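# Observations on the model geometry
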Amino acid sequence: MKAVRPKKNLGQHFLVDLSIARRIADTVDACPDIPVLEVGPGMGVLTQYLVPKAREVKAVEIDTESVQYLHERFPELRDRIISDDFLRMDLHTVFEGQPFVLTGNYPYDISSQIFFKMVDNRDLIPCCTGMIQREVAQRMASAPGSKSYGILSVLIQAWYDVEYLFTVDEGVFNPPPKVKSAVIRMTRNDTRTLGCDEALFRRVVKSVFNQRRKMLRVSLRQLFADSASHADFFSQKMLTRRPEQLSVSEFVALTNLVEAEMAR
């Protein structure tokens, strides 16, 4: 079999350290008894350790060269290798509407989009594991008060408990990326409804973190057509805080305050 050529336009960095591949594959064991969907298997370095597990495994790969390679290397997966773009897939069709674990060595340039899709399909994905850029992993796992706490932190932690598992150095990839990587695990929490308008919640979170150095009373003005007519609202003490100081539950409370003020 001819090795797959890593493609820069697809953000491909193939993991070549088998011990790390095995460790990543074993992160799915925290959510047993349900199928696994691997995103971007490349040449199957994770796949080879997922296949022996006592559960159904499927893989989605956008690169046609990788798909051909996987068909040759894993003939037992021939009908379970999906040649498609994960971001465009209807995830309800993958395992006929059944929940599954999401895992992979995720392309750095679309990892945030992958996790936003996970959040949108949270009832299907009780557990997500895998490797991403270390900086992104740190943002996802950060607590309020941290410089890395931001949009990803809030929107993911609203629905998942995030664990930063371990760091991976650049030299274990072909080609080596310019940054370190990290392995994470996200497990669905007990939240079933936020207790606020979810679309407005996302809008509030993104609006204030896009001006993260400013107080909330400044960054929230963009949500109101005529902020001058809401002077009492903007004078509240809570709005003298900055976004990185608010927990997920405080963002929910803030969203409800904004919604009530918009309805005036």
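Since we're looking at a predicted model, the values are computed, not measured.

Another aspect to go through is the packing of aromatic side chains. A full pass over the atoms with the stated rule returns seven aromatic pairs. Sitting above the plane of the F166 ring, R23 keeps its charged end 3.7 Å from the centroid. Against the face of W159 rests R122, its NZ or CZ located 3.6 Å from the ring centre.

Bringing the sheet that holds strand β9 (residues 181-188) into the picture now. Picture the strands of a sheet paired through backbone hydrogen bonds; they go either parallel or antiparallel. Judged by pairing direction, the sheet is mixed, and its seven strands sit side by side in the order β4-β3-β2-β5-β6-β9-β7 without closing on themselves. Edge positions in the sheet fall to β4 (81-83) and β7 (160-168), since each of these pairs with one other strand and no more. This sheet shows a mean twist of 20° between the axes of neighbouring strands, independent of strand direction. Where strand β3 (residues 57-61) lies against β4, three bridges are found, and the strand directions are parallel. Within β4, the position partnered with V60 by the bridge is I82. The sheet contacts of helix α3 (residues 64-73) involve β3 and β4, and relative to β4 the element is tilted by about 160°.

A few words now on the environment of N9. The topology assignment puts N9 in the segment before β1 (14-15). In sequence terms N9 and D109 are 100 residues apart; their C-alpha atoms lie 9.7 Å from each other.

Okay, the side chain of S219 next. By the element assignment, S219 lies in helix α8 (residues 216-219). With relative accessibility at 0%, the residue S219 sits in the buried group. Once you skip the residues sitting within four places of it in the chain, S219 turns out to touch S207, V208 and Q211.

The rules behind these values
- Residues numbered from 1 in each chain as written.
- Predicted model: local features only at pLDDT ≥ 70, side-chain atom pairs only at ≥ 80, totals over all residues.
- Heavy atoms only, no water.
- Phe/Tyr/Trp six-rings, centres within 6.5 Å; stacked < 30°, edge-to-face > 60°.
- Lys NZ or Arg CZ within 6 Å of the ring centre and 35° of its normal.
- Pairing = 2+ DSSP bridges.
- Helix = DSSP H or I, 4+ residues; strand = E, 2+ residues; numbered from the N terminus.
- Axes fitted to C-alpha atoms, helices over the stretch in contact; angles between N-to-C directions.
- Contact = heavy atoms within 4.5 Å.
- Buried < 20%, exposed > 50% of the residue type's maximum accessible area, 1.4 Å probe, protein only.

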